2 protein chains.
Amino acid sequence: MPMELDKFDRGILAILQRDARRSAELIGTAIGLSASAVQRRIARLREEGVIAAEVAIVDSRAIGRPLTLIVDVEVERERSELLVSLKQWIAAEPAIQEAWYVTGEGDYVLIVTARDVDGYDALMRKLIAENANVRRFQTRVALGTLKRGQLVPVEPTSE
Amino acid sequence: MPMELDKFDRGILAILQRDARRSAELIGTAIGLSASAVQRRIARLREEGVIAAEVAIVDSRAIGRPLTLIVDVEVERERSELLVSLKQWIAAEPAIQEAWYVTGEGDYVLIVTARDVDGYDALMRKLIAENANVRRFQTRVALGTLKRGQLVPVEPTSE
DNA sequence: AATGAAACTCATGAAGT
DNA sequence: ACTTCATGAGTTTCATT
């Protein structure tokens, strides 16, 4: 049940996904609507959960975490009670920025941010020590970041 | 040269990373500072690039893009001029939300959002057709999303 | 459902400690 | 460098079309 989004809603979302501080008046002039109309639509988009959050993006290098790692974690799928606690462990670990359960050999894919290799090693040792169902993991280091974010295409014409 | 961040800055960042709309006054009472002081620090953090952006997070399911895919792309490293245009291709493609160049066999890791399998197939066919240096790719479908975002740990005590 | 105006909240800037 | 106070911009609500 995806909600109805007309071209005005899409225009608003396209702008706010790049700059959440843009005023309703500026958005209005950009898409051809009054500030109040934009305001009300934004309120509705928040209400309906289309806009899930408005957040500040912090530069991880500026804050002393220049390392990004992509980790494939292989898990024993048998004991499901351990799986629940692994999920909780991942959710509670701030160094893990993103995590998906994916098709394949009981795999999870993690995006991890770290200060340095030692910091990453310590994290993964803890992961292994505290989660008995983690069979093994494979690490790839991000040598370059081409793109980051959760920008969702809102144009009906895009794939 | 990561800039100096005291506990107030870290407190501000911790809050704004979760809710960029929180008022300076509320942040001030939370961390024990006046609204103006918070305001001035936020301005400085933006200035210095610690806060890189403030963006709206759009729920991709609510907008009709329920599929997330993790794609490993293997590239011929020889012809560097093709590499540049591949990077531009990735940058220009809105369905690719995230992309890293990683250690390994000339690999890129992509996070892709799609309406359905057909939409994803079409995207990858275009990728292959328009980038001669893409040797092959491997797709994993996200069966579940445990965590998303770019939340950077700001506490000095976290790994 | 959009507009325009009023009331209000919040951010911004200045002066003082 | 933080606090308080004054000003201005932006958001929210309401009455109207």
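Worth saying up front: this structure is predicted, and the values here are computed from it rather than measured. (Residues numbered from 1 in each chain as written. Chains lettered and ligands numbered in written order. Predicted model: local features only at pLDDT ≥ 70, side-chain atom pairs only at ≥ 80, totals over all residues. Heavy atoms only, no water.)

Student: Explain the protein's contact with DNA strand C to me, please; I cannot follow it from the model alone.
Tutor: Contacts to DNA strand C come from A:Leu33, A:Ser34, A:Ser36, A:Ala37, A:Arg40, A:Arg41, B:Ser23, B:Ala24, B:Ser36 and B:Gln39. Protein-proximal atoms of DNA strand C, defined as those within 4 Å of the protein, fall in sugar or phosphate at a share of 66%. Between B:Ser36 and DNA strand C, the recorded distance is 3.3 Å, taken from a side-chain N or O atom to a base oxygen. Going through the elements one at a time, α3 (35–47) of chain A together with α3 (35–47) of chain B are the ones with two or more residues in the surface near DNA strand C. Considering every element that reaches the surface near DNA strand C, the biggest residue donor is α3(A), with four residues. Of the residues belonging to the surface near DNA strand C, the class tally is three nonpolar, five polar and two charged. (Near = heavy atom within 4 Å. Polar contact = N/O pair within 3.5 Å; in protein donor to acceptor, adjacent residues only side chain to side chain. Helix = DSSP H or I, 4+ residues; strand = E, 2+ residues; numbered from the N terminus. Nonpolar A, V, L, I, M, F, W, Y, C, P; charged D, E, K, R; others polar.)

Student: How do you make sense of the pairing of strand β1 (residues 51–58) of chain A when you look at a structure like this?
Tutor: Along any regular strand the residues' side chains alternate between the sheet's two faces. Here β1(A) lies mainly inside the structure; six of its eight residues are buried. The pairing of β1(A) with strand β1 (residues 51–58) of chain B spans seven bridges and is classified as antiparallel. Paired with A:Ala53 across the strands is B:Ile57, a residue of β1(B). (Buried < 20%, exposed > 50% of the residue type's maximum accessible area, 1.4 Å probe, protein only. Pairing = 2+ DSSP bridges.)

Student: Just checking my understanding: could you explain the domain arrangement of chain A for this structure?
Tutor: Interface size is commonly expressed as the accessible area that is lost once the parts come together. Splitting chain A by domain gives domain 1 (7–47) and domain 2 (67–141). In this structure, domain 1 of chain A and domain 2 of chain A have C-alpha centres spaced 38 Å apart. (Domains from an automatic or database assignment.)

Student: Can you walk me through the interface of chain B and chain A in this structure?
Tutor: Across the contact, 71 residues belong to chain B and 71 residues belong to chain A. The tally of links from chain B across to chain A stands at eight salt bridges. If you look at where chain B meets chain A, you find 37 residue pairs in polar contact (both at pLDDT 80 or more). Of all the secondary structure elements, the ones that give two or more residues to the side of chain B that touches chain A are α1 (7–16), β1, β2 (67–75), α4 (80–92), β3 (96–102), β4 (107–114) and β5 (134–147) of chain B. Its residues placed into classes, the side of chain B that touches chain A shows 38 nonpolar, 14 polar and 19 charged. For strand β3 (residues 96–102) of chain A and β5(B), the ladder comprises four bridges, and the chain directions are antiparallel. (Contact = heavy atoms within 4.5 Å. Salt bridge = Lys/Arg side-chain N within 4 Å of Asp/Glu carboxyl O.)

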